[in-house]
Amino acid sequence: MESLLLLESYLKQLHLPTFVRNYRPFAEDGARNNLSYDRFLLALAEQEVNERERKREIMRIKEARFPVLKELADFDFSCVPQLNKQQVLALAQGHYIRQAEPILLVGNPGLGKTHVASALALTACRQGYKVRFYNAAGLVNELIEAQDQHRLAKFLTAAKKCHLIVLDELGFIPFSDIGAQLIFQFCSALHEKVALIVTTNLHFADWTQVFGNERLTSALLDRLTHRAHILEFLGESYRFRQRMQHVTSSVSPSQP
């Protein structure tokens, strides 16, 4: 008994909590099945490694700060038939992250751009990548605050430590001059260093409406579209169709 207490003490000092939980049942199972000592140790080590990776994955997802967790398996590609499903599934393999290539999701609101962007980013977390999700307007506010507090360089350095950054809903709110300049600076700092996923309801020709400055907009698009994967979402809003179906189904049939 004393030796078991000492063993558990050593395992805790070595930060092996899964060993502590499993060594007794694994030892009993090994004795019943005549497992060798190395097979017994291997089984314990596998459990420890798997548990640590599970916790790291949970932490990566938490640190990404997703507003809502979305899965590619839950996206209805039939609602956006022009969207290339095979291209999306290929992107989910993560090659674009290793190449620091942008993905631009362009199209009308309500077609699932944020869903696909979030799902790709969630998949990246599970593949071991460090991810950060931003709403475009929220990011501008954070950049302005960082500049006002003289820590913009530190903010950009932290961003460059990510493998993938999602910039959601670019185009819904026009930026101030300083906001547009800071977004440009942010994207320029990430260019060819960090993969970037951008969702926008505006066609590229209309981005001047958001950034104001035509030269700045042109320079930003030049960086973002270079080696980019562009996914176009065409059709009627999925949420609008759902509302219309609900209204139609709730209307009582006319009486003869």
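Further up the page is the structure itself.
This structure is a prediction, so every number in the text was calculated from the model and none was measured.

Asks: Would you take a moment to explain the nonpolar core for this structure?
Replies: Buried together is how nonpolar side chains tend to be arranged in soluble globular proteins. In this structure, Ile165, Phe175, Phe186, Trp207 and Phe211 are the most contacted members of the largest nonpolar core, which totals 35 residues. No other element matches helix H9 (residues 177-190), which puts seven residues into this core. Apart from residues no more than four positions distant in its own chain, phenylalanine 186 is found in contact with Tyr134, Leu139, Leu143, Phe155, Leu156, Ala159 and Ile165. Within the second largest apolar cluster, 34 residues are counted, among which are Ala64, Val80, Val166 and Ile197.

Asks: Explain empty space enclosed by the protein here, please?
Replies: The probe, sized like a water molecule, is rolled over the atoms to show the empty space still left. Taken as a whole and judged by the stated rule, the model has one cavity of 30 Å³ or more. In this structure, the largest cavity spans a volume of roughly 110 Å³. Every residue lining the largest cavity is counted, 14 residues in all, and those nearest its centre are Pro102, His191, Glu192, Val194 and Arg223. Within the residue set of the lining of the largest cavity, elements represented by two or more residues are H9, strand E4 (195-200) and helix H11 (214-225). Here the residues of the lining of the largest cavity sort into eight nonpolar, two polar and four charged.

Asks: Help me out: how do you make sense of the sheet that holds strand E3 (residues 164-170) in this one?
Replies: Hydrogen bonds between backbone atoms are what pair the strands of a sheet, whose relative direction is either parallel or antiparallel. In space, the five strands of this open sheet follow the order E2-E3-E4-E1-E5, with parallel pairing throughout. Each edge of the sheet is formed by a strand with only one pairing partner; in this case those strands are strand E2 (131-135) and strand E5 (229-233). Adjacent strand axes in the sheet meet at a mean angle of 10° when their direction is disregarded. Both E3 and E4 contribute to a ladder of five bridges, which runs parallel. Across the sheet, the residue bridging to leucine 164 is alanine 195, located in E4. Together, E2, E3 and E4 form the strand contacts of H9, whose direction differs from that of E3 by roughly 150°.

Asks: Any chance you could explain the layout of surface pockets here in plain terms?
Replies: In this structure, the second largest pocket encloses a volume near 310 Å³. Forming the walls of the second largest pocket are 13 residues, and the residues nearest its centre are Arg65, Lys130, Arg132, Tyr134 and Ala158. Elements with a minimum of two residues in the lining of the second largest pocket: E2 and helix H8 (152-159). No other element matches H8, which puts four residues into the lining of the second largest pocket.

Asks: Is there a simple way to think about the side chain of threonine 18 in this case?
Replies: Mapping threonine 18 onto the fold places it in helix H2 (residues 17-32). In this view, threonine 18 contacts Gln47, Glu48 and Glu51; residues no more than four positions away in its chain are not counted.

Asks: Before we go on, may I ask you to explain the packing of aromatic side chains in this structure?
Replies: Think of a pair of aromatic rings as described by two things: how far the centres are apart, and how the planes are tilted against each other in angle. Under the defined criterion, the tally for this structure stands at eight aromatic pairs. When the centroid spacing of 4.9 Å and the interplanar angle of 85° are considered together, the rings of phenylalanine 75 and phenylalanine 77 count as edge-to-face. With a centroid separation of 6.4 Å and an interplanar angle of 40°, the aromatic rings of tyrosine 134 and phenylalanine 155 are classed as tilted. On the criterion of sequence distance, the pair formed by tyrosine 134 in strand E2 and phenylalanine 155 in helix H8 is long-range, its members being 21 residues apart. On the basis of relative accessibility, which here comes to 9%, the residue tyrosine 134 falls in the buried class.

Asks: Quick question: what am I supposed to make of the environment of phenylalanine 26 here?
Replies: Tracing the backbone through its elements, the reader meets phenylalanine 26 in helix H2. Considering only alpha carbons, one finds phenylalanine 26 and isoleucine 61, 35 residues apart in sequence, at a separation of 31 Å. Not counting the four nearest positions on each side in its chain, phenylalanine 26 is found in contact with Phe40, Ala43, Leu44 and Gln47.

Asks: Which parts of the structure should I look at to understand helix H7 (residues 136-148)?
Replies: An ideal rise of 1.5 Å per residue puts 18 Å on 13 residues; H7 measures up with 18 Å between its terminal C-alpha atoms. Among the residues of H7, Ala136, Leu139, Val140, Leu143 and Ala146 are the ones counted as buried. Buried residues of H7, seen end-on, are gathered within an arc of 125° and therefore sit on one face of the element. Summarising the geometry of H7, the exposed residues directed more than 90 degrees from the buried face are Asn141 and Asp148. Buried residues along H7 sit against E2, H8, E3 and H9. For H7, the N-terminal cap is asparagine 135; the gap from its side-chain oxygen to the backbone nitrogen of alanine 137 is 3.0 Å. One or two steps after H7, the chain reaches histidine 150, where phi turns positive at roughly 60°.

Rules of the game
- For every chain, the first residue of the written sequence is number 1, and numbering continues from 1 onward in sequence order.
- In keeping with the predicted nature of the model, local features appear solely for residues at pLDDT of at least 70, side-chain atom pairs appear and are counted solely at 80 or more, and the whole-chain, interface and lining totals rest on all residues.
- For the side-chain quantities, the full set of heavy atoms in the structure was used; hydrogens and water were omitted.
- In these notes, a set of buried Ala, Val, Leu, Ile, Met, Phe, Trp, Tyr and Cys residues joined through side-chain atoms within 4.5 Å is what counts as a nonpolar core.
- Relative accessibility under 20% of the residue-type maximum defines a buried residue, over 50% an exposed one, and the middle range a partly exposed one, all with a 1.4 Å probe and only protein chains included.
- Helix numbers and strand numbers start at the N terminus; a helix is a DSSP run of H or I with at least 4 residues, a strand a run of E with at least 2.
- Two residues form a contact once any of their heavy atoms are found within 4.5 Å.
- Grid points spaced at 1 Å and placed over the protein atoms alone form the basis of the search, with a cavity being a set where a 1.4 Å probe fits but cannot get out and a pocket an open set showing protein on both sides within 12 Å along at least five of seven lines. Lining residues have an atom within 4 Å of a point.
- Grid points are joined across faces, edges and corners, and a volume is the space filled by probe spheres set on the points.
- Any residue outside Ala, Val, Leu, Ile, Met, Phe, Trp, Tyr, Cys, Pro, Asp, Glu, Lys and Arg is labelled polar, Gly included; the first ten of those are nonpolar and the last four are charged.
- Strand pairing is defined by DSSP finding a minimum of two bridges between the two strands.
- Between the N-to-C directions of two axes lies an angle of 0 to 180 degrees, each axis being a line fitted to C-alpha atoms and, for a helix, fitted only over the stretch in contact.
- Only centres within 6.5 Å qualify two rings of Phe, Tyr or Trp (six-membered ring in Trp) as a pair; their planes then separate them into stacked at under 30 degrees, edge-to-face at over 60, and tilted for everything else.
- An expected span of 1.5 Å times one less than the residue number is assigned to each helix.
- Directions pointing from the helix axis toward each C-beta atom define the arc.
- Polar contacts, as used here, are pairs of N or O atoms within 3.5 Å; protein pairs need one atom able to donate a hydrogen and one able to accept it. Residues neighboring in sequence count only if both atoms are side-chain atoms.

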